[in-house]
Amino acid sequence: MRILVIATLAAALVPGLADGMLASNITGNIALTSDYMFRGLTQSWGRPAIQGGADYANPNGFAAGFWGSSISERSYPGGAMELDLYASYGQAINSDWSWRAGIYGYVYPGASLDQAGLASRSLNTVEANAALTWKQFTLKYNHAFTDYFGVDTEQGYRGDSKGTGYLQLDAAFPLNDAWSLALHAGHTHYTTTLVTPLASSARDPSYSDFGATLKYQLATHWSLSAGLTYATHADFYRRTSSFLDASDTRNVGGSRGFVMLQGNF
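Observations concerning the pattern of salt bridges
1) Next: Inspection of every chain in the model, using the stated rule, returns six salt bridges.
2) Next: When the shortest N-O distance is used, the salt bridge between E127 and R39 registers 3.0 Å. With E127 in strand β8 (residues 125-134) and R39 in the loop between β2 (37-38) and β3 (41-42), this residue pair connects regions lying 88 residues apart in the sequence. Judged on exposure class, the residue E127 and its partner R39 are both buried.

Some thoughts on the layout of surface pockets
1) Next: As a volume, the second largest pocket reaches approximately 1,100 Å³.
2) Next: Around the second largest pocket, the lining comprises 38 residues; the ones closest to its centre are Q155, F236, Y237, T240 and F243.
3) Next: Of all the secondary structure elements, the ones that give two or more residues to the lining of the second largest pocket are β3, α2 (234-237) and β14 (240-241).
4) Next: Its residues placed into classes, the lining of the second largest pocket shows 24 nonpolar, nine polar and five charged.

As for the side chain of T133
1) Next: Topologically, T133 is positioned in strand β8.
2) Next: Of note is the side chain of T133, whose polar atom sits 2.9 Å from the side chain of T138.
3) Next: The contacts of T133, once residues within four sequence positions are left out, are D96, W97, S98 and T138.

Things to note about the nonpolar core
1) Next: In terms of nonpolar packing, the biggest core is built from 28 residues, with Y76, Y108, F149 and Y237 touching the most fellow members.
2) Next: Those elements that provide at least two residues to this core are β7 (97-107) and α2.
3) Next: Those residues within four positions of Y237 in sequence are excluded, and the remaining contacts are L41, Y190, P205, Y207, T232, R250, N251, V252 and G253.

Considerations on a nonpolar patch on the surface
1) Next: A contiguous nonpolar patch, built from I30, L32, I50, L175, W179, L214, Y216, L218, W222, L224, L261 and F265 and spanning about 1,100 Å² of accessible area, is present on the exposed surface.
2) Next: Only β1 (26-33), β12 (207-217) and β13 (222-231) provide two or more residues apiece to the nonpolar patch.
3) Next: Inspection of the secondary structure assignment puts L32 in strand β1.

Focus on the sheet that holds strand β16 (residues 254-264)
1) Next: Spatial strand order, β1-β4-β5-β6-β7-β8-β9-β10-β11-β12-β13-β16: twelve strands in a closed barrel with antiparallel pairing. Each neighbouring strand pair of the sheet contributes to a mean axis angle of 20°, computed without reference to strand direction.
2) Next: Here β1 runs beside strand β4 (residues 49-57); their pairing, made up of eight bridges, is antiparallel. Of the residues in β4, the one forming a bridge with N29 is G53.

Things to note about the packing of aromatic side chains
1) Next: Applying the stated criterion across every chain yields a total of 19 aromatic pairs.
2) Next: Ring plane angle 10° and centroid distance 4.4 Å describe the contact between Y76 and Y108, whose orientation is recorded as stacked. Here the residue Y76 occupies a position in the loop between β5 (62-70) and β6 (81-92), and Y108 occupies one in the loop between β7 and β8, the gap between them amounting to 32 residues. When sorted by exposure, Y76 lands in the same class as Y108, which is buried.
3) Next: When the ring of Y106 is compared with that of F149, the centres are 5.2 Å apart and the planes differ by 65°; the resulting orientation is edge-to-face. A residue pair is termed long-range when its members are at least 10 positions apart, and Y106 in strand β7 and F149 in the loop between β9 (137-144) and β10 (165-174) qualify at 43 residues.
4) Next: Look at Y106 and you get buried, because its relative accessible area is 5%.

Parameters and conventions
Residues numbered from 1 in each chain as written. Predicted model: local features only at pLDDT ≥ 70, side-chain atom pairs only at ≥ 80, totals over all residues. Heavy atoms only, no water. Salt bridge = Lys/Arg side-chain N within 4 Å of Asp/Glu carboxyl O. Helix = DSSP H or I, 4+ residues; strand = E, 2+ residues; numbered from the N terminus. Buried < 20%, exposed > 50% of the residue type's maximum accessible area, 1.4 Å probe, protein only. 1 Å grid on protein atoms, 1.4 Å probe; cavity = no way out; pocket = protein on both sides within 12 Å on 5 of 7 lines; lining within 4 Å. Points joined across faces, edges and corners; volume = space filled by probe spheres on them. Nonpolar A, V, L, I, M, F, W, Y, C, P; charged D, E, K, R; others polar. Polar contact = N/O pair within 3.5 Å; in protein donor to acceptor, adjacent residues only side chain to side chain. Contact = heavy atoms within 4.5 Å. Core = buried A, V, L, I, M, F, W, Y, C linked by side-chain atoms within 4.5 Å. Patch = residues over 30% accessible without salt bridge, like charges linked within 9 Å, V, L, I, M, F, W, Y side chains within 5 Å. Areas by Shrake-Rupley, 256 points an atom, 1.4 Å probe, with all protein chains shown as cover. Pairing = 2+ DSSP bridges. Axes fitted to C-alpha atoms, helices over the stretch in contact; angles between N-to-C directions. Phe/Tyr/Trp six-rings, centres within 6.5 Å; stacked < 30°, edge-to-face > 60°.

Here it is as structure tokens:
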């Protein structure tokens, strides 16, 4: 899967490289967050995470980059980090409308379910995505080409999770020169369900998530953010067991908050 992601991104990079990868087209970022939240669920088991990456944007509409974050072995057995590789292409339609489509790969070096005593299975995931933006609003759909973060029959599901989709709506509102507000709503639809229900009788892992983040620009390159997230379907996510110790449980969704210090260069 890693080879697939890298080969796809390398092929996509050719048009951008042909035009010259100027330093002015490259930006970098680094962040420290109190909790790494992804689609309403904690990836760091409620603990702090360090993150960072770099992006390349070509005036012709092509963009690519990578991003990494520390994660918890309780959710990704044998893994200590998430590495994201992505590429996309988009264009403005007019002054208000634009579109973008791309591919996104989530790679978890060293992580496998055999580290938790289960059948060997990678947690790496590849998605295609398409987005339509109108002014400050963006509607985006993400479609999994692979099993969705390892979900398959080995984990007690009826079938594989290829085709799982995530639909999201995001909006950004500048409040003044220093303050801005970002709002988010999303829904994850799994293509499979558990064979045996949980103690709560829940079988379907599909859920919705919502978020609001207030950001303050501390200086030219530094910002401080505080956010609240909420994920539905507590019957499924309230008592999620660690892969390392079944008695170690956590509400990975529900209502959560975080603060983040971020630098952009």
